[in-house]
Amino acid sequence: MQLFYSPASPFVRKVMVFLHETGQLADVALRPVTTTALNSDAGLMAANPLAKLPTLLRADGPAMYDSRVICRFLDDRAKAGLYPAAPRLWETLTLEATGDAIMESALGIVYERRLRPEELHFQPLLDAYWAKVDRAIEVLNTRWMSHLHGPLDAGQIAVACALGYVDFRLPEKDWRAGRDALAGWYASFAARPAMAETAPKG
């Protein structure tokens, strides 16, 4: 298998953490690409019409894309149980969706700052993106700590990758303030070898 890859992408990181945690890293060759919404990589676009990372190429089927699809595939392939049986499954999927939404909003801020000239930055949109991130982090701290401290699952991985991306790209945002429970959980989770080996770069 081959994975279209960027070490800065939080969605790619989520897949990489899955590969580490499920013992499948050696089964996947990484294909580094540089791609943006305004300048898509041709090879990536040929595999995935959306030209988005991550995209997984397989010898025995069409390319897979969207980190949630790839992670479900990898979990099933390894029989790892990172998507547990119901009823915990529904909490896991909701938590994963929350982590992914944090990533999407944080990426929206990054793209607005990076792809538009500074004089064209639309501050109300930037504020709205951050408000979504901030609300989600608050809910994680107040409602989800029991699940986060439970057995390892896809939801925890998604949340940890999301918080890591906020630290990486938006270091001026103090998401830890008043959220000691979540900050403590993240510090512990970020020390896992799979997280340390996939720290974002670039």
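Residues numbered from 1 in each chain as written. Predicted model: local features only at pLDDT ≥ 70, side-chain atom pairs only at ≥ 80, totals over all residues. Heavy atoms only, no water.

Looking at an unreviewed UniProt entry, the protein chain carries the name Putative GST-like protein YibF, with the source organism given as Maliponia aquimaris.

(A) Fine view of the pattern of salt bridges. Here the structure, examined in full by the defined rule, presents 12 salt bridges. Each of Lys14, Asp66, Arg68, Glu96 and Asp100 takes part in a single network of salt bridges with overlapping partners. (Salt bridge = Lys/Arg side-chain N within 4 Å of Asp/Glu carboxyl O.)

(B) Quick peek at the side chain of Arg13. For Arg13, the position within the fold is in helix 1 (residues 10-21). In this structure, Arg13 is buried with no salt-bridge partner, the nearest side chain bearing the opposite charge being Asp167 at 7.9 Å. Look past the residues within four positions of Arg13 in its chain and what remains in contact with it is Cys161, Gly164, Met195, Thr198, Ala199 and Pro200. (Helix = DSSP H or I, 4+ residues; strand = E, 2+ residues; numbered from the N terminus. Buried < 20%, exposed > 50% of the residue type's maximum accessible area, 1.4 Å probe, protein only. Lys, Arg positive; Asp, Glu negative; His and termini not counted. Contact = heavy atoms within 4.5 Å.)

(C) Structural detail: the pairing of strand 3 (residues 55-58). Inspection of the sheet shows strand 1 (residues 2-5) paired to strand 3 by 3 bridges, in the antiparallel sense. Within strand 3, the position partnered with Leu3 by the bridge is Leu56. Bridge analysis of strand 3 against strand 4 (residues 61-65) gives 3 bridges, and the strand direction is antiparallel. Within strand 4, the residue paired with Arg58 across the bridge is Gly61. Hairpin connection of strand 3 to strand 4: 2 residues between the antiparallel strands. (Pairing = 2+ DSSP bridges.)

(D) Layout of the sheet that holds strand 3. Spatial ordering of the open sheet is given by 2-1-3-4, a layout of 4 strands whose pairing is mixed. Every interior strand has two partners, whereas the edge strands, strand 2 (29-32) and strand 4, have only one. Taking each pair of neighbouring strands and ignoring which way they run, the sheet shows an average axis angle of 20 degrees. Of the strands in this sheet, strand 3 and strand 4 are in contact with helix 3 (residues 67-78), which crosses strand 4 at around 120 degrees. (Axes fitted to C-alpha atoms, helices over the stretch in contact; angles between N-to-C directions.)

(E) Representation of helix 3. End to end, helix 3 covers 16 Å across 12 residues, agreeing with the expected 16 Å (1.5 Å per residue, within 8%). Three or more residues of helix 3 are buried, namely Ser67, Ile70, Cys71, Leu74 and Asp75. All buried residues of helix 3 fall inside an arc of 135 degrees around its axis, so they share one side. Packed against the buried residues of helix 3 are helix 1, strand 3, strand 4 and helix 4 (88-115). Measuring from the side-chain oxygen of the N-cap residue of helix 3 to the backbone nitrogen of Arg68 gives 2.9 Å; that N-cap residue is Asp66. Just past helix 3, the residue Lys79 takes up positive phi, approximately 50 degrees. (Expected span 1.5 Å × (residues − 1). Arc of directions from axis to C-beta. Polar contact = N/O pair within 3.5 Å; in protein donor to acceptor, adjacent residues only side chain to side chain.)

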